[in-house]
Amino acid sequence: MDHAEAHERIADLALEPRDLEAMLASESSDDRALAEHVSGCDTCRAELDAWQGVHRTLAGALHTPRPGARVDVNPIEPDERLRAGILAAARADRSIEPAIPTRISPVAIASSRIWTPVLGLAAALVVAVAGTFLLAGPGQSLLRTVDEARALSNVVASVNRILAEPNHEVATLKTTAGQSGGSVAWASHDLVVLTSALSTPGQGQTYRCWLSSGGTDTAIGRMEFAGTTAYWVGSLDEWASISLDPGTQFIVSLEPTDGSGARTGSVVLEADL
Amino acid sequence: MSEREGEPDDRVLVRRIAAGDEGAFELAYDRHGSLVFGSLVRFLGDREAAAEVAQDAFMSLWRRASSFDPAAGSLPGWLLSIARHRAIDRLRGEARRPSPGSAELLDDLHDDDPWRNPAALADRNWADSIVRTFVSELPEHERHVMVLAYSDGLSQAAISERLDMPIGTVKSRTRRALARLRTRLIEVPGLVEGLTDFGMETAPAPAPYRMMD
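The structure displayed is predicted, hence computed values, not measured ones.

(A) Quick look at the interface of chain A and chain B. Each side of the interface is counted separately: chain A has 54 residues, and chain B has 59 residues. Of the roughly 4,900 Å² buried between chain A and chain B, counting both surfaces, carbon and sulfur atoms make up 58%. Viewed at the interface, chain B and chain A are joined by six salt bridges. The salt bridge partner of Arg83(A) is Asp30(B), with a shortest N-O separation of 2.7 Å. Here the element with the most residues in the side of chain A that touches chain B is helix H4 (residues 42-62) of chain A; it accounts for 14 residues. Taken together, the residues of the side of chain A that touches chain B sort by class into 29 nonpolar, ten polar and 15 charged.

Take a look at the structure:
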């Protein structure tokens, strides 16, 4: 039997797992001729061994000793949320690693006097963003992790945009005792509030943010937490009708979660804008 | 999903990913995401856990693409290697058996069976999970003949009779299915003992796979 003929014969036998095994022990003249060729041909020997390996692997994976039982080989497809989550994580990952330190640091040096607290808190957020991905425990929902990281990435991105604008402004948040408790920073499109002076609110409570001017309070949002840093970020476009007149105050108060649109709780932080 | 005509091959994709190309990363996920996820679901028996480990594996690709050596193995093999280590770490952390399926498998084994070794059982279960996922990727008519041959143990003639189909059709479907599977099995070192592009060779796992340990 020549090489081409042997190769073709092995390919035929490969269709039937038992035929490959049987061939080696067979007494038929065809099989003996093939066995003889294989014993002297490394290529055909390798081909035969390869097919035997494939058969063993398939039989091991697909056969179950339970009578009548079958292994499930129906397709299992990931849903679209996994794809979106992984791609979002990759995007966020890039914004975390090289971008944040290099963008924040030069500005920090240029205007370090007033920005120090903002930068420190922003750095805490950077750590929180990274930690959201890197330290997510087994019980952490992937989608929740992605949502949290995306939110924190938005905050950091807003800080970057503010720092990049030469006309950005900043005001110091103060506690009711008059101590510095964080910063409110804004530029043409973003406003970011960062503080480490708040403790996690109790059940049924939340920290709400207000703009107060001329005796009128306007609710603009609720503080979120990332580790020990609380933050709120908004786009000026969303509340462009609110005028930041001199004398406007930014207020954080502790309110019932289901409270009305009016400020009723105690003020915990405030800043003169 | 396999490579489509006109699309860059995996080596090009990985180079682009290493350079920070999000589009290449997206394509790599579209090409190999189902294989990684499907294998993990079969191994862990939990879609949520599988999604988290799959994310870990793809984020490793995103962050460490430059450490991938295409000469040492395929991209799906690399991703599966990372996924395997993450999945086993997860199982160790949760002190669970490899999967509900493995618990059934244990019941079928004798006390002196070497597969009672948990590490060996996990390895075998992982390999089976990948192989089953490869089979699941086959066109349905090819998948069907594979199940009849390897799960039910039917000969080609018996399959022909069972399906009331000419024996030639059964053989051509089997031939195509086996060719596809052999190509896929080669992508994952160690899945078929010693099987490489060049036939049977006994070689240690290439560096990238050991690196992930």
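(B) Inspection of the pairing of strand E3 (residues 190-195) of chain A at higher detail. Residue and element names in this part refer to chain A. Most of E3 is tucked away: six of the six residues are buried. Pairing of strand E2 (residues 180-186) with E3 involves five bridges; the strand directions are antiparallel. Bridge pairing links Gly182 to Thr195 in E3.

(C) Region of the structure containing the side chain of Asp128(B). Position of Asp128(B) among the secondary structure elements: in helix H6 (residues 118-136). When its relative accessible area of 9% is taken as the criterion, Asp128(B) is described as buried. For Asp128(B), the residues in contact, after removing those within four places along its chain, are Gly60(A) and Ala61(A).

(D) Here's a closer look at the pattern of salt bridges. Across all of its chains, the model carries 22 salt bridges over all chains by this definition. For Arg31(B), the salt bridge identified is with Glu7(B), shortest N-O distance 3.1 Å. Highlighted residues: Arg31(B) in helix H2 (residues 22-44) and Glu7(B) in the segment before helix H1 (10-18), separated in sequence by 24 residues. When its relative accessible area of 23% is taken as the criterion, Glu7(B) is described as partly exposed. In this structure, the salt-bridge partner of Arg162(B) is Asp152(B), at a minimum N-O distance of 3.9 Å. Here the residue Arg162(B) occupies a position in helix H8 (residues 156-163), and Asp152(B) occupies one in the loop between helix H7 (140-151) and H8, the gap between them amounting to ten residues. If you follow the salt bridges from partner to partner, you end up with Glu80(A), Arg83(A), Glu26(B) and Asp30(B) in one network.

(E) Main features of H6(B). For H6(B), which comprises 19 residues, the first-to-last C-alpha distance of 26 Å matches the rise-based estimate of 27 Å (1.5 Å per residue) to within 8%. Among the 19 residues that make up H6(B), 14 are buried, leaving the element largely enclosed by the rest of the structure.

(F) Region of interest: the packing of H4(A) against H6(B). Remark: H4(A) packs on H6(B), axes separated minimally by 9 Å, with the N-to-C direction vectors making an angle of 100 degrees. Comparing the axis directions of H4(A) and H6(B) gives the class roughly perpendicular. Residue-level contacts link Thr57(A), Leu58(A), Gly60(A), Ala61(A) and Leu62(A) of H4(A) to Arg124(B), Asp128(B), Val131(B), Arg132(B) and Val135(B) of H6(B). Tallied by class, the residues present in the contact of H4(A) with H6(B) amount to five nonpolar, two polar and three charged.

(G) Fine view of a negative patch on the surface. Residues Asp2(A), Glu5(A), Glu8(A) and Asp30(A) make up a contiguous surface patch of negative charge. Relative to the helices and strands, Asp30(A) is located in helix H3 (residues 29-40).

(H) Quick look at the pairing of strand E1 (residues 169-175) of chain A. All names here are of chain A. Bridge analysis of E1 against E2 gives six bridges, and the strand direction is antiparallel. Across the sheet, Thr172 pairs through a bridge with Ser183, a residue of E2. Between the antiparallel neighbours E1 and E2 lie four residues, among them Gly178 with a positive phi of about 85 degrees.

(I) Looking closely at the packing of aromatic side chains. Applying the stated rule across the entire model yields six aromatic pairs over all chains. Residues Phe43(B) and Trp126(B) carry aromatic rings whose centres are separated by 5.3 Å and whose planes lie at 80 degrees to one another, so their mutual orientation is edge-to-face. In this pair, Phe43(B) is assigned in helix H2 and Trp126(B) in helix H6, connecting sequence segments 83 residues apart. Pairwise contacts between aromatic rings join Phe25(B), Tyr29(B), Phe58(B) and Trp62(B) into one cluster. Sitting over the face of the ring of Trp51(A), Arg182(B) holds its NZ or CZ atom 4.9 Å from the ring centroid.

Scoring rules and cut-offs
Residues numbered from 1 in each chain as written. Chains lettered and ligands numbered in written order. Predicted model: local features only at pLDDT ≥ 70, side-chain atom pairs only at ≥ 80, totals over all residues. Heavy atoms only, no water. Contact = heavy atoms within 4.5 Å. Buried area = accessible area lost by both parts, 1.4 Å probe. Salt bridge = Lys/Arg side-chain N within 4 Å of Asp/Glu carboxyl O. Helix = DSSP H or I, 4+ residues; strand = E, 2+ residues; numbered from the N terminus. Nonpolar A, V, L, I, M, F, W, Y, C, P; charged D, E, K, R; others polar. Buried < 20%, exposed > 50% of the residue type's maximum accessible area, 1.4 Å probe, protein only. Pairing = 2+ DSSP bridges. Expected span 1.5 Å × (residues − 1). Axes fitted to C-alpha atoms, helices over the stretch in contact; angles between N-to-C directions. Parallel < 35°, antiparallel > 145°, perpendicular 65-115°, else oblique. Patch = residues over 30% accessible without salt bridge, like charges linked within 9 Å, V, L, I, M, F, W, Y side chains within 5 Å. Areas by Shrake-Rupley, 256 points an atom, 1.4 Å probe, with all protein chains shown as cover. Lys, Arg positive; Asp, Glu negative; His and termini not counted. Charge placed at Lys NZ, Arg CZ, Asp CG, Glu CD. Phe/Tyr/Trp six-rings, centres within 6.5 Å; stacked < 30°, edge-to-face > 60°. Lys NZ or Arg CZ within 6 Å of the ring centre and 35° of its normal.

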